Amino acid sequence: MAQYARSPAVAVIRLRNPPVNTLSFAVLQALEDGLEKADADPSVKAVMICGENGKFSAGADIRGFSSPNRPVKSLAALVSLIESSKKPVVAAIEGIALGGGLEVALGCHYRVAHVKARMGLPEVTLGLLPGAEGTQRLPRLIGVPAALDMITTGKHIPATEALKLGLVDEVVEENTVEAAIRLANKVIGQPLGPRRLSLKPVPKLPDMEAFLSQARVRVKKQAQGCLAPELCFQAVRAATQMPFADGVRRERELFMVLLSSGQARALQYAFLAERAAQKWTTPGGASWSSATPQPVRSAAVIGLGTMGRGIVTSLVKANIPVVALEQDLEYLNTGRKAVMLLLEREAMKMEVGAQTLDFHNPARLQFTVDFDSLRDVDLVIEAVFENMALKKEIFHKLSRICKPGALLCTNTSALNIDEIASATSRPQQVIGTHFFSPAHVMRLLEIIYGRHTSPTAIATAVQLAKALKKVGVVVGNCFGFVGNRMMFPYVQQAVFLLEEGSRPEAVDRVLEDFGFKIGPFRMSDLAGLDVGWRSRQGQGLTGPSVPAGTPARQRQGQRYSPLPDLLCESGRFGQKTGKGWYQYEKAGGRTATPDPWLHSLLAQYRDTHGIEPRFIDQEEILERCLFSLINEGFAILAEGIASGPEHLDVIYINGYGWPKHKGGPMFYASTVGLPRVLAKLHKYSEAHPDVPGLQPSAFLKKLAAVGNPPIKEWMSYLSQQSSRL
Ligand SMILES: CCC/C=C/C(=O)SCCNC(=O)CCNC(=O)[C@H](O)C(C)(C)COP(=O)([O-])OP(=O)([O-])OC[C@H]1O[C@@H](n2cnc3c(N)ncnc32)[C@H](O)[C@@H]1OP(=O)([O-])[O-]
């Protein structure tokens, strides 16, 4: 709703729709009523619009875009109504003015912002454009380069930058509403023509055409398959080429194209999925709504390898004092240098000096080899390499040394949390925190609870993720957890496709064209092929512990490909050795080139094993890789390892480079249609009966059988009994 009040000559209209004052129909209607009332009242000389609870508005309701009654046209009409008011209208921007919220403010004749307010037109990140005439007004106010930047990136800018750009007229540190009322009183009677943005010309550039053509190339490059940035560009270009009314018509046409696109639906789903994933529950009944986190005022990190360094950097950036521990002075010194380098770089990027991050202060960041220094910390993150015996030894020590109540986290990508916790006397405080490399950059944090992990421990880890500006997703304990478990069948299919006739570059191209940042073979080369090799050796799948007489391409009755093992046996570990599935310019090089050596290895391999190579088309590559990954996702949901498909999608978007405009693997499956996914899995599993990853999961079959329900209803078809935990 919008509340109407008076401050003698100024009518005050307050947008009220908690928590972020989205512009629902009711809010728009009340805003319109308020404007009409102010217009009709001769004692009102000016109007001030502000938001309830220190927030102006987060714009249109994202949940409303899929509704047939979406308020697109009425929002644009309302912005015009504000602008055409005969009495001056001032926006008092506190907290946020985003999307339609900022467009309302652009309709106002003046804007006053609080110094801590942020403004932006993030529609592009939702697959849309600012369709309430924002693409036409903003360039008139702040010029084409700045407007194009804001509209095509969707970035939020602070009030101080908004002031420099001319987006707001005043920035205040005290009460914004009072400052806006003061301004409203001051401008009573002044001509409004020059303040109406629709009447202003777009500021000229010396060579607008050249600027626009360069900008278009930049926008296309950054878009990575997303439609919205290009259409945002076209709408802004229209502002430079047409009168306001024609530009608005063009904006509306482009908006409708985007609104009906699958990409907009996927991106809006991804936004809401990220919020849904914060609402964790466990099959044991623990939940975000009842668990309370413990404060984390200090932390320790054990192990300063690649992961540990990134984790220390993240903690320092979040202003949490850290003790960094290594096993001996040599490792400690190497780790310290690397961490300092990372922090220097981060400080430069953040445009704050090392002094603000304060990492030279031993009270903020301390390096040690002494376990006793961990006595008083609130939380420890162990980040040594993946070795169960070593991790158990460390946790045993921690359980003796750390203060009661300290949260004990293990950074692992696959190891059993319960087994690690069994080495302590306090398994309720042990939890998995799976960071992704580089840990100070990647947004995902998989949070893995064990059999005994307490709800408080889970809530504390979730809170930590927030403090680190990461997306924490709570999942159950199983081999590979969610992300890597779904990745296994995907990579397995990619390798089987090579055996059958394809090449790494062909498989990668198909998945990169789909939208992945890198395909499975470039990803393996980047991560290092030796990691999986060691794990397979540990599982007895390769190496000397494989019993004599085991068929080369079979393990426990299932199809197995020794190809990755053969590469490792030749010392090809990927980028770090300059050779893997591709060749690189040097060890540590990053430019992947197809390798004739590998092609001839594949030919020889097929000869040796009597495989007749065949041409494999793009459809088969895509379906076998993606549908086997999705199939595993259904098994994970059925086992209660994750609370919903949104959790899996958030993990894939933020940790595995899944294209956000395709909404995540489970959302993608819902758009393909579950009966089709099922039929394809049936087809491929019939052709490859010895590959369990292609056999459709019972949950997928059930959902297809009940008529392909929408994704938000999937979990209601899961009976409680099927939960494994
Ligand atoms: C008409 C044509 C042109 C106009 C287009 C538009 O305006 S497009 C829109 C352009 N605007 C945007 O893209 C802004 C998108 N929003 C944001 O960027 C952030 O939410 C934030 C910065 C507003 C607050 O961040 P924060 O970390 O403080 O909090 P938080 O993120 O956890 O959110 C709290 C709750 O609010 C909910 N919610 C929030 N916004 C919307 C919304 N617009 N809609 C619906 N719901 C919204 C959110 O789901 C959550 O609900 P839950 O899960 O508790 O039920």
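Residues numbered from 1 in each chain as written. Predicted model: local features only at pLDDT ≥ 70, side-chain atom pairs only at ≥ 80, totals over all residues. Heavy atoms only, no water.

Named according to an unreviewed UniProt entry, the protein is Peroxisomal bifunctional enzyme originating from Pipra filicauda.

Undergrad: Mind showing me how you'd approach the overall build of the protein here?
TA: Helices and strands together make up the secondary structure of the protein, namely 28 helices and 19 strands. Whereas a compact globule of 725 residues would reach a radius of gyration of roughly 27 Å, the protein reaches 29 Å, a difference of no more than 12%. On the principal axes, the C-alpha backbone points of the protein span a range of 95 × 60 × 55 Å. Of all 725 residues assigned to the protein, the portion counted as buried reaches 56%. Once local pairs closer than 6 in sequence are excluded, the contacts in the protein between residues at least 24 apart make up 71%. Carbon and sulfur atoms form 54% of the exposed surface of the protein, whose accessible area is close to 30800 Å². In the protein, 82 positive and 68 negative side-chain charges are present, and the distance between their average locations comes to 3 Å. (Helix = DSSP H or I, 4+ residues; strand = E, 2+ residues; numbered from the N terminus. Rg over C-alpha atoms; globule rule 2.2 N^0.38 Å. Buried < 20%, exposed > 50% of the residue type's maximum accessible area, 1.4 Å probe, protein only. Contact = heavy atoms within 4.5 Å. Areas by Shrake-Rupley, 256 points an atom, 1.4 Å probe, with all protein chains shown as cover. Lys, Arg positive; Asp, Glu negative; His and termini not counted. Charge placed at Lys NZ, Arg CZ, Asp CG, Glu CD.)

Undergrad: Explanation requested: the sheet that holds strand 8 (residues 156-158) in the structure shown.
TA: Whether parallel or antiparallel, the strands of a sheet pair through hydrogen bonds between backbone atoms. Taken in spatial order, the three strands line up as 5-7-8 in an open sheet, and their pairing is mixed. Either end of the sheet is taken by a strand with one partner, and the two such strands are strand 5 (96-98) and strand 8. The sheet shows a mean angle of 20° between the axes of neighbouring strands, taken without regard to direction. Pairing of strand 5 with strand 7 (residues 118-120), which is carried by three bridges, proceeds in the parallel orientation. Looking at strand 7, one finds that Leu98 is bridged to Gly120. (Pairing = 2+ DSSP bridges. Axes fitted to C-alpha atoms, helices over the stretch in contact; angles between N-to-C directions.)

Undergrad: How should I be thinking about helix 24 (residues 618-638) in this particular structure?
TA: Because the α-helix completes a turn every 3.6 residues, residues three or four places apart line up on one side. Taking 1.5 Å as the rise per residue, helix 24 with 21 residues should run 30 Å; its terminal C-alpha atoms sit 30 Å apart, in good agreement. Counting buried residues in helix 24 gives 19 out of 21 residues, a clear majority hidden from the surface. Positive backbone phi, at 75°, marks Gly640, one or two positions downstream of helix 24. (Expected span 1.5 Å × (residues − 1).)

Undergrad: Please explain the site of the ligand as it appears in this structure.
TA: Taken together, 26 residues surround the ligand, and among them Ala58, Ala60, Ile62, Gly100 and Arg275 come closest. Within the side chain of Arg275, a nitrogen or oxygen atom sits 2.8 Å from an oxygen atom of the ligand. Burial of the ligand by the surrounding chains reaches 76%, relative to a free accessible area of 1000 Å². At the level of secondary structure, the elements contributing two or more residues to the shell around the ligand comprise helix 2 (72-84), strand 5, helix 3 (100-107) and helix 11 (262-276). Among the residues forming the shell around the ligand, the class breakdown is 14 nonpolar, five polar and seven charged. (Near = heavy atom within 4 Å. Polar contact = N/O pair within 3.5 Å; in protein donor to acceptor, adjacent residues only side chain to side chain. Nonpolar A, V, L, I, M, F, W, Y, C, P; charged D, E, K, R; others polar.)

Undergrad: Teacher, can you tell me more about the UniProt feature "domain: 3-hydroxyacyl-CoA dehydrogenase C-terminal" (unreviewed entry) in the protein here?
TA: Under the UniProt annotation, "domain: 3-hydroxyacyl-CoA dehydrogenase C-terminal" (unreviewed entry) lies at residues 480-584. Overall, residues 480-584 shows 51% helix and 4% strand. The separation of its end C-alpha atoms is 29 Å. (UniProt positions renumbered as here; feature names shortened; annotations may be inferred.)

Undergrad: Looking at this structure, how should I read the domain arrangement of the protein?
TA: When the parts of a complex come together, some accessible area is lost, and that lost area is often used as the size of the interface. Considered domain by domain, the protein is made up of domain 1 (2-259), domain 2 (299-475), domain 3 (502-608) and domain 4 (618-722). Look at where the C-alpha atoms of domain 3 and domain 4 centre, and you get two points 26 Å apart. Facing 12 residues of domain 3, the contacting portion of domain 4 comprises 16 residues. Between domain 3 and domain 4, roughly 1200 Å² of surface is buried when both sides are summed, and carbon and sulfur atoms account for 72% of that area. Where domain 3 packs against domain 4, one counts zero salt bridges. The interface formed by domain 3 and domain 4 includes three residue pairs in polar contact (both at pLDDT 80 or more). Elements with a minimum of two residues in the side of domain 3 that touches domain 4: helix 19 (504-514) and strand 19 (558-559). With five residues, helix 19 is the largest single contributor of residues to the side of domain 3 that touches domain 4. (Domains from an automatic or database assignment. Buried area = accessible area lost by both parts, 1.4 Å probe. Salt bridge = Lys/Arg side-chain N within 4 Å of Asp/Glu carboxyl O.)

Undergrad: How should I be thinking about the pairing of strand 4 (residues 89-93) in this particular structure?
TA: Every other side chain in a regular strand lies on the same face of the sheet, so the side chains alternate between the two faces. Counted residue by residue, strand 4 has five buried out of five residues, so it is predominantly covered. Burial of the side chains of strand 4 extends over both faces: Val89, Ala91 and Ile93 are buried on one face and Val90 and Ala92 on the other. Relative to strand 4, strand 3 (residues 46-51) is paired through three bridges, and the arrangement is parallel. Pairing of Met48 across the sheet is with Val90, part of strand 4. Note that strand 4 and strand 6 (residues 110-114) share four bridges and pair parallel. The residue of strand 6 that forms the bridge with Ala92 is Val112.

Undergrad: Looking at this model, I keep getting lost on the sheet that holds strand 13 (residues 379-382). Mind explaining?
TA: Judged by pairing direction, the sheet is mixed, and its eight strands sit side by side in the order 12-11-10-13-14-15-16-17 without closing on themselves. Bordering the open sheet on either side are strand 12 (365-368) and strand 17 (471-475), each of which pairs with just one other strand. Neighbour-to-neighbour, the strand axes of this sheet turn through a mean angle of 25°, independent of strand direction. As defined by bridge partners, strand 13 adjoins strand 14 (residues 407-410) across four bridges and the pair is classed as parallel. Looking across to strand 14, one finds that Val380 is bridged to Leu408. Across the sheet, helix 15 (residues 388-401) touches strand 10 (299-302), strand 13, strand 14 and strand 15 (430-435), and the angle it forms with strand 14 is around 170°.

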